[in-house]
Amino acid sequence: MRHINTQLSRYGYILNLGVMGVLLAGILRVVFQLYADGLYPLASALSAITVFLALVYLRRRFTPLRWFAIGVGLAMLFTLYPILYTFYLSVTNMGSGHLMTKQQAIDRLESQLYMPEGGKTYGWAAFRSPDEAYALWLLPEEGPGLLARPGQPLEEAMPGEDGIGAPDQDGIPLTIDGYERLAQNQVVPIISALGAIDFGEPPDTVRIRSLREAVTLKPKYQYDPDRDVMVDQETGTVYRPVEGTFTSDDGETLTPGYIVYVGLHHFERFLGNERFREPLIKIFLWNVSFAFASVFLSFAVGLVVTLLFEGLPGSRVIRALLIIPWPIPVLVSILIWRSMLNPDLGFVAPLLESLFGSSPAWFQNAMWTRVAVILVNVWLSYPYFYVISAGAIRSIPHEIYDAAVVDGASAWGKFQHITLPLLLRILMPLLIASFTFNFNNFNVIYIFNFGLPPMPNTIVPMGQTDILISFVYRLAFITSNVTDYGLAAAITVMLFLLISLMVVFQARFTNLFREAD
Amino acid sequence: MENTRNTPASRTVLLDHLRTGTWVGYLTRYLIAGMLIVFAVAPALWIVSASLNPAKSLVGGTLWPENPSFVNYRELVTNDFFPYLTWFGNSLKIATITTLCTVTITCLAGYSLSRFRFKGRHSFMIAILILNVFPAILGMVAIFTTIQQLGLYVDALGLDKHVSLILIYTAGSMGINVLMVKAYIDTIPVELDESALVDGASPWQTFRHIILPIMTPIVITIGVLTFIAAYGDFVIARVLLKSSDQLTVMVGLMLFQTDRFDQDFGMITAGAVLAAIPVILIYIPLQRFVIDGLTAGSVKG
């Protein structure tokens, strides 16, 4: 028995080690490439994970960690690293126009080509493969012909050898294996498409200039690492790095730019500038009110459901009906409300109009949008509060009420002096957690009305019902052509700090870390 | 105490209280119940009725369509603009795989944390708790840019790929679930696995044949919670997925609604009802497990 077991676990270990070895080799390959391209944060995160996994599988004392090493690796990459990377992003200029590392931007610029005056010229003929790939046969002024295909080095080849057919009178092969030769009249209609293709591989890249001539291209820019400048090979213009963009003395800039450290620039942008700070404070205050109102009202409704129908005939049916919103996915629920309140399609507007003669502009008027998102959120979350307070009430010992009855307490008195304080004490951790959750309740805000209506006269686009996290989303993903990841990250950093404060607050009410015992 | 309660004086007070309270009290309570039920049920009822309404534009007055039909549903699965069934399949696939990964990882990790003593075990759990405090949504900018960068080097881990979404969901749902599993295994007597170990079973065999079968309730709880969360996620999927065929049903519905609200209102309502069905189907028989999971922290302390 014992013998068999060790055998099995040894095979298991070897198998495990094999899988892990392949995985680590794969990660290491990516790490080297990332490092070469200058993506240092991601390269170091992956290196840390590699070291961790290697240690776990090579050192005997880490054996218990083998049970979940992969999970820890995943969490390091997708939970821990994003937090650290957000802090890093908040001090960079990453955003539209500055999405690459300096090395990537240099590589990109250096791969741009231009057609130099007096470069080497060739006569040419075009070939096409059945899958629409093109190849050129190049005829230099002297020497053997060359076969040129996009992305591959030029090949010296002799007609009549290696799949290349016999030459015609100009020295151009009549056939090439896998390709069909194009006649002049076939070439003319596609000449502009052909002219956009770079044949060959840098530095020997060839492009068609006319129906007769193809020329060798040269790199347009060359980076000079000693002076840290980019030089235009065609005009000789020198571009110096200025805040993540290569800029000439005349102020001309090269795209793409690259990511550089900008210090606390983003924080100054929204804390130091009154026109930014004031609307941001508005967003913050609404954010706090939204979270507070959501928790308070949902909890209140939940309590009503828990307490008010106790002992009422039919209370089971009532509660079963009242829990209906719970299993409906959040997005679907919000879409339902959005349609219901829609003035043209929903039933709410006609109903209110027949009752009161008018119906609020749920999507255009900021005040009514706020009312609506809180209403929707209460609808979504009161069943949860009902369930947790019903659970908590069951844990209140019954003797306490007996004593109160003796003292002649009324139903309201019992609720006010016994039930509520005890409930609050039991549920405080969940209430605070719920506040934190609603403080970042992106879904309700964004799906209901995208955080709109817009706030007038702001430097960056903001919505009147935006909360901080939906504002972050707006900066990073909505605002077309001016995404600003650095600024979005800086605001997220503020959110991290706010949430840390809430957690400290929460820790005062509960032994937050008791689970870790 | 029994004596005091049975004295005639207090009994009269109670009866008086009930007698005056009954009629008005019951009526008020039924009234409040009625209003709450309308608030709770009307949206759900309305969306079902709208989805069964064959008329292109709804007349706001009628709550139930005069000639209900499934024409909106048929149009939903056959229309040329939006591959609804593909989205639906994507969502089920992503949520199912995420659930399997999460359950596997959390069960193994929970067992290890509960049964083995090793250096760093305590700080490891503290780290989970601290990380778990920050909602995953805060990482959206960082996750987006990271996935964008990773995609340049590893094709399957780039934007618009389900694999990256599944890994992110799995990583995000592990934290607190690991601790739940650990707490559950803590309640299983250690003598049970010790006797197996004495008989010569390996830790793996002990886990597989002794512990795992007893763990079914917590496995179901975590499975259901993970599935519902992954299936219902909007923002991470919205940020990472781009091409129409890759979308999840939640992202698809949202785009659908934003783009073609007026033209295809019937189809959108049908899409919303269909999208809710998997969760409701899972929820009804397994409600107890959902509630157990969500209230785990509240009553225990």
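Residues numbered from 1 in each chain as written. Chains lettered and ligands numbered in written order. Predicted model: local features only at pLDDT ≥ 70, side-chain atom pairs only at ≥ 80, totals over all residues. Heavy atoms only, no water.

What follows is about the overall build of chain A. Secondary structure summary: chain A contains 17 helices and 13 strands in total. The globule rule puts the C-alpha radius of gyration for 517 residues at 24 Å, and the 34 Å found for chain A is more than 25% above it. Structurally, chain A occupies a C-alpha span of about 115 × 80 × 50 Å along its principal axes. A buried classification covers 50% of the 517 residues belonging to chain A. Look at the contacts in chain A between residues 6 or more apart in sequence, and 61% of them connect residues 24 or more apart. By element, 60% of the accessible surface of chain A is carried by carbon and sulfur atoms, the whole surface being about 25300 Å². Of the charged side chains in chain A, 34 are positive and 42 negative; the average position of the first set lies 14 Å away from that of the second. (Helix = DSSP H or I, 4+ residues; strand = E, 2+ residues; numbered from the N terminus. Rg over C-alpha atoms; globule rule 2.2 N^0.38 Å. Buried < 20%, exposed > 50% of the residue type's maximum accessible area, 1.4 Å probe, protein only. Contact = heavy atoms within 4.5 Å. Areas by Shrake-Rupley, 256 points an atom, 1.4 Å probe, with all protein chains shown as cover. Lys, Arg positive; Asp, Glu negative; His and termini not counted. Charge placed at Lys NZ, Arg CZ, Asp CG, Glu CD.)

Of regular secondary structure, chain B possesses 14 helices and zero strands. When its helices and strands are written in sequence order, chain B yields α-α-α-α-α-α-α-α-α-α-α-α-α-α. Evaluated residue by residue, chain B yields a buried proportion of 49% over its 301 residues. Total accessible area computed for chain B in this model is approximately 13900 Å², and 68% of it derives from carbon and sulfur atoms.

With that out of the way, let us pick up unusual backbone geometry. The general pattern is negative phi for most residues beyond glycine and trans for most peptide bonds. All names here are of chain A. Note the cis peptide between Thr 255 and Pro 256, where omega equals 5°. Inspection of the secondary structure assignment puts Pro 256 in the loop between β13 (245-248) and α7 (265-271). Put simply, Leu 452 and Pro 453 share a cis peptide bond, and its omega is 5°. Within the secondary structure, Pro 453 is located in the loop between α15 (442-449) and α16 (468-478). One non-glycine residue, Glu 243, lies in positive phi territory at about 45°. As for its placement among the helices and strands, Glu 243 is situated in the loop between β12 (238-242) and β13.

A few words on the domain arrangement of chain B. All names here are of chain B. Domain boundaries assigned for chain B yield domain 1 (2-73) and domain 2 (79-300). Opposite the nine residues of domain 1 that make contact, domain 2 presents nine residues. If you look at where domain 1 meets domain 2, you find zero salt bridges. Connecting domain 1 to domain 2 are zero residue pairs in polar contact (both at pLDDT 80 or more). Elements with a contribution of two residues or more to the side of domain 1 that touches domain 2: α2 (8-51) and α3 (71-78). For the side of domain 1 that touches domain 2, the element with the highest residue contribution is α2, accounting for five residues. Its residues assigned to classes, the side of domain 1 that touches domain 2 shows six nonpolar, two polar and one charged. (Domains from an automatic or database assignment. Salt bridge = Lys/Arg side-chain N within 4 Å of Asp/Glu carboxyl O. Polar contact = N/O pair within 3.5 Å; in protein donor to acceptor, adjacent residues only side chain to side chain. Nonpolar A, V, L, I, M, F, W, Y, C, P; charged D, E, K, R; others polar.)

Let us look at the interface of chain B and chain A. It is common to give the size of an interface as the accessible area lost on bringing the parts into contact. Contact with chain B, which involves 97 residues of that partner, is made by 103 residues of chain A. Counting each side, the surface lost to burial between chain B and chain A is near 9100 Å², with a carbon and sulfur contribution of 78%. Top element by residues in the side of chain B that touches chain A is α2(B). It accounts for 15 residues. (Buried area = accessible area lost by both parts, 1.4 Å probe.)

Residues and elements named next belong to chain A. Entries for chain A in the domain assignment read domain 1 (2-89), domain 2 (113-219) and domain 3 (270-516). Of note, the centres of domain 1 and domain 3, computed from C-alpha atoms alone, are 40 Å apart. With four residues of domain 1 at the contact, the number on the domain 3 side is five residues. The junction of domain 1 with domain 3 conceals about 450 Å² of combined surface from both sides, 89% of it contributed by carbon and sulfur atoms. In terms of surface lost to domain 3, no three residues of domain 1 exceed Thr 86, Phe 87 and Leu 89, which account for 87% of the buried area on that side. Counting across the domain 1 and domain 3 interface gives zero residue pairs in polar contact (both at pLDDT 80 or more). In terms of residue class, the side of domain 1 that touches domain 3 is made up of three nonpolar, one polar and no charged.

This brings us to the packing of aromatic side chains. Any pair of aromatic rings gets described here by the distance separating the centres and the angle formed by the planes. Residue and element names in this part refer to chain A. Summed over the entire model, instances satisfying the criterion amount to 49 aromatic pairs over all chains. Ring centres of Phe 267 and Phe 270 lie 5.8 Å apart, and the angle between their planes is 55°; on these two criteria the pair is classed as tilted. With Phe 267 and Phe 270 both in helix α7 and three residues apart, this pair spans about one turn of that helix. Judged by relative accessible area, Phe 267 falls into the buried class, the value being 14%. (Phe/Tyr/Trp six-rings, centres within 6.5 Å; stacked < 30°, edge-to-face > 60°.)

All names here are of chain B. Relative to the 16 Å expected for 12 residues at 1.5 Å per residue, helix α6 (residues 140-151) spans 16 Å between its end C-alpha atoms, a close match to the ideal helical length. Judged by how many residues are buried, α6 sits mostly within the fold: 10 of 12 residues are covered. All buried positions along α6 are accounted for by Met 140, Val 141, Ala 142, Ile 143, Phe 144, Thr 145, Thr 146, Ile 147, Gln 149 and Leu 150. (Expected span 1.5 Å × (residues − 1).)

Residue and element names in this part refer to chain A. Position of Thr 369 relative to the elements: it lies in helix α12 (residues 366-394). Since its relative accessible area comes to 0%, Thr 369 is described here as buried. If we skip the residues at most four places from it in the chain, Thr 369 touches Trp 362, Phe 363, Gln 364, Phe 448, Asn 449, Leu 452, Pro 453 and Thr 465.

Residues and elements named next belong to chain A. Examined bridge by bridge, strand β1 (residues 113-114) and strand β9 (residues 213-219) share two bridges and lie antiparallel to one another. Residue pairing for β9: Tyr 114 is matched across the bridge by Lys 218. Inspection of the sheet shows strand β2 (residues 121-128) paired to β9 by three bridges, in the antiparallel sense. Counterpart to Thr 121 in the pairing with β9 is Val 215. Here strand β8 (residues 204-208) pairs with β9 via four bridges, running antiparallel. What sits directly across from Arg 207, in β9, is Val 215. Connecting β8 to the next strand, β9, in antiparallel fashion are four residues. (Pairing = 2+ DSSP bridges.)

Residue and element names in this part refer to chain A. Using the criterion set out here, one finds 12 salt bridges over all chains in the structure. In this structure, Asp 249 and Arg 240 form a salt bridge, with 3.5 Å as the shortest nitrogen-oxygen distance. By relative accessible area, Arg 240 is classed as partly exposed at 38%. Two residues, Asp 484 and Arg 269, come together in a salt bridge whose shortest N-O distance is 3.1 Å. In this pair, Asp 484 is assigned in the loop between α16 and α17 (485-509) and Arg 269 in helix α7, connecting sequence segments 215 residues apart. Looking at Asp 484, the relative accessible area reads 16%, which means it is buried. Taken together, the shared-partner salt bridges in this structure form one network comprising Lys 220, Asp 232 and Glu 234.

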